[in-house]
Amino acid sequence: MQGYKFALDPNAGQEQALHSHCGAARAAYNWAVSWVTASWRQRKAEATYGIGEDELTSWRPWSLPALRKEFNRIKTTDPRFAEWWRENSKEAYNTGLANVAAAFDNYAKSKQGKRKGARVGVPRRKLKRKARLACRFTTGTIRIELDGRHVTLPRLGTIRTHEPTAKLLARVQGGTARILSATVRHERGRWFVSFQVEMVREITRVHQPDAAVGIDLGVTHLAVLADSSGETRYEPNPRHLDGALKLLRFHSRRVSRRQGPDRRTGRKPSKRWEKANDERNKIHHRVANLRTDALHKLTTRVRAEYGSVVVEDLNVAGMLRNKRLARHVADAGFGEIRRQLVYKGQRNACPTIVANRWYPSSKTCSACGTVKAKLPLHVRVFTCDACGLVLDRDENAARNLVALAAACTTGTGVAGDQDTSGVSKPRGADRKTRRQRPGRGGRAGGASLSHQRWEEAGDRCRDAEAQLALW
């Protein structure tokens, strides 16, 4: 499965139809959420009157077939849909109903402990001013036109694309790709269409299939690459957002001086505010496009050269809570780099090795294996007290990461379990720190940890996971 995304250039009528389809998906979503939760509220009210469990109102199902059957029954009589539901494709309403079914499934699995990640709340209605405009088509006429500059979608007709569709068209004509669905979405100030394609892809051989590379991500340098042959490369950090901050401040001041919207009083924005806001958004969109382009080029180049890639399991969410580094970390896109390395490695049948979050790659000497007890973030040069190695901090971490690739087959298979017998390790440098409960003291001078550091200290005492994960 692969996605192809193209920007659209719809005319005025087509853009109005796109808005109508996305609005219909939101209306169907809100109806389904209200219809399912109405039985919940009714049962709760009946329970307060002492009605028995067997006599309570029955639960309403949230499966897609049940929602679709009920919606088809009421759409011709319900005043919310009766007058205009025929204006849009049936796929618009099916999009909202499918999203509701998935949302309630995620909520139920999360409540039962069958879903990983943070707890998922009860699905809520979407607000018109905040809902993302999107609609998915799975049936009907979905094709790429032969001229390579137009796409055809159900009820929307033929829409011109902003960029050529020659790559997808060639695969479809050659019989190596089949379009399964299309999704239109409004983002970054314009309309896009994404095709979900089932295709035949041959595994391409990388340039160095037996070589491994360790990647240490950072802010000073976006990535430091150390391969198994001993070569080290530094990838500079483009800092796209920093280059646009001066222009963003100028346009933000212009927006603040215009008459903007006010939900409390119902005031609508002025034309001059909308124009200034569009100009400011163009800068944000350009920064996002530049960042996406740079990350794709970096990950594609790495995956085309090395057979194995070793990356760290970084706590990006925790880094974003650091007010001094949050903007730079978000601009670098650490999470996106790892995501692209994983799925692009699957295309070439090459493994992606993810080192454990608590593996001390920066504190470990890449020459002798000695582990430092402490290494503050402001210390950018690693100095080994045992063998006297002096090396850049990020390069030392990258060398330790590439050494983990050999541990998968020749070592213990556990990150940090390298053979370092006889090498001194400072007390606590190679162990997870114990959890200290807030308010119990235990620190010199009665100092207390910040909220963020308490959470990080608490994470370290969780059950030890596998030190090495293969993706």
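**Student:** Help me out: how do you make sense of the pattern of salt bridges in this one?
**Tutor:** When the charged atoms of two side chains with opposite charge come close together, those side chains can pair. Within the structure shown, the criterion is met by 21 salt bridges. Of the charged contacts, one joins D242 and R239 as a salt bridge, the two residues approaching to 3.7 Å between their closest N and O atoms. For D242, a relative accessible area of 27% puts it in the partly exposed group. Exposure remark for R239: the relative accessible area of 30% places this residue in the partly exposed category. Note that D293 and K297 form a salt bridge whose closest N and O atoms lie 3.2 Å from each other. Residue D293 and its partner K297 are located together in helix 6 (residues 271-303), separated by four residues, close to a single helical turn. Residue classification places D293 among the partly exposed residues on the basis of a relative accessible area of 39%.

**Student:** I would appreciate a short explanation of the sheet that holds strand 4 (residues 150-153) in the present structure.
**Tutor:** Strands pair in a sheet through their backbones, by hydrogen bonds, and they do so in one of two ways: parallel or antiparallel. With antiparallel pairing, three strands are arranged side by side in an open sheet as 3-4-5. Each edge of the open sheet carries a strand with a single partner, namely strand 3 (143-144) and strand 5 (157-160). As paired strands, strand 4 and strand 5 are joined by four bridges and run antiparallel to one another. If you follow H150 over to strand 5, its bridge partner there is R160.

**Student:** What is the right way to read the packing of helix 1 (residues 12-48) against helix 3 (residues 90-111) from this model?
**Tutor:** Two numbers describe a pair of packed helices, the interaxial angle and the distance between the axes. Running from N to C, helix 1 and helix 3 point in directions that differ by 40°, and their axes come no closer than 7 Å. As the angle between them shows, helix 1 and helix 3 are arranged oblique. The chirality of how helix 1 crosses helix 3 is right-handed. Along the contact surface, helix 1 presents H21, A24, A25, A28, Y29, W31, A32, V33, V36, T37 and W40, while helix 3 presents A92, Y93, T95, G96, L97, N99, V100, A103, F104 and Y107. For the contact of helix 1 with helix 3, a count of residues per class yields 16 nonpolar, five polar and no charged.

**Student:** Just to check I follow, could you spell out helix 2 (residues 64-74) for this structure?
**Tutor:** For an α-helix the count is 3.6 residues per turn, leaving residues at separations of three or four pointing the same way. Of the positions making up helix 2, those classed as buried are L67, E70, F71 and I74. Burial along helix 2 is one-sided: seen end-on, the buried residues are contained in an arc of 100°. Turned more than 90 degrees off the buried face of helix 2, the exposed positions are P65, K69 and R73. Check the buried side of helix 2 and you find it contacts helix 1 and helix 3.

**Student:** Is there a simple way to explain the side chain of E91 in this structure?
**Tutor:** Positionally, E91 belongs in helix 3. Buried E91, no salt bridge; nearest opposite-charge side chain is K90, N-O distance 4.9 Å. Ignoring anything within four residues of it in the chain, the contact list for E91 reads C135, R136, F137, T138 and T139.

**Student:** Explain the pairing of strand 10 (residues 232-236) to me, please; I cannot follow it from the model alone.
**Tutor:** Remember that side chains alternate between the two faces of the sheet whenever the strand is regular. Note: strand 9 (residues 221-227) against strand 10, five bridges, orientation antiparallel. Within the sheet, the bridge partner assigned to A226 lies in strand 10 and is T232. What sits between strand 9 and strand 10 in their antiparallel hairpin is a turn of four residues, with G230 showing a positive phi close to 95°.

**Student:** How do you make sense of the packing of helix 5 (residues 240-257) against helix 6 when you look at a structure like this?
**Tutor:** Put simply, helix 5 and helix 6 touch, their axes get as near as 9 Å, and they point 170° apart. Here helix 5 lies roughly antiparallel to helix 6, going by the angle between them. In contact with H240, L241, A244, L247, L248, H251, S252, R254 and V255 of helix 5, helix 6 contributes W273, A276, N277, E279, R280, I283, H284, V287, L290, R291 and A294. In terms of residue class, the contact of helix 5 with helix 6 is made up of 11 nonpolar, five polar and four charged.

**Student:** Where do I start with unusual backbone geometry in this structure?
**Tutor:** Glycine aside, the phi torsion of most residues is negative, and most peptide linkages are trans. In this structure, R188 is a non-glycine residue whose phi angle is positive, near 55°. Phi is positive for A349, which is not a glycine, with a value near 60°. The class for A349 is exposed, based on a relative accessible area of 54%.

**Student:** What is the right way to read the environment of M199 from this model?
**Tutor:** Tracing the backbone through its elements, the reader meets M199 in strand 7 (residues 190-199). Overall, the relative accessible area of 14% leaves M199 in the buried class. On a C-alpha basis, the gap between M199 and Q2 in space is 7.2 Å, while along the polypeptide they are 197 residues apart. Leaving out residues up to four positions away in the same chain, M199 has contacts with Q2, Y4, R171, T176 and A177.

**Student:** It is not clear to me how the sheet that holds strand 2 (residues 134-137) should be interpreted in this structure. Could you clarify?
**Tutor:** Read across the open sheet, the four strands follow the order 1-7-6-2; overall the sheet is antiparallel. Sheet topology places strand 1 (2-7) and strand 2 at the edges, where each strand pairs with a single neighbour. For this sheet, the mean inter-axis angle between neighbouring strands, taken without regard to orientation, is 20°. Note: strand 6 (residues 177-187) against strand 7, 10 bridges, orientation antiparallel. When the bridges of strand 7 are listed, V184 appears paired with V193. In the packing of helix 1 onto the sheet, contacts are made with strand 2, strand 6 and strand 7, and the angle to strand 2 comes to roughly 90°.

Conventions adopted
- Residues numbered from 1 in each chain as written.
- Predicted model: local features only at pLDDT ≥ 70, side-chain atom pairs only at ≥ 80, totals over all residues.
- Heavy atoms only, no water.
- Salt bridge = Lys/Arg side-chain N within 4 Å of Asp/Glu carboxyl O.
- Buried < 20%, exposed > 50% of the residue type's maximum accessible area, 1.4 Å probe, protein only.
- Helix = DSSP H or I, 4+ residues; strand = E, 2+ residues; numbered from the N terminus.
- Pairing = 2+ DSSP bridges.
- Axes fitted to C-alpha atoms, helices over the stretch in contact; angles between N-to-C directions.
- Parallel < 35°, antiparallel > 145°, perpendicular 65-115°, else oblique.
- Left-handed = near helix turned anticlockwise from the far one by under 90°.
- Contact = heavy atoms within 4.5 Å.
- Nonpolar A, V, L, I, M, F, W, Y, C, P; charged D, E, K, R; others polar.
- Arc of directions from axis to C-beta.
- Lys, Arg positive; Asp, Glu negative; His and termini not counted.

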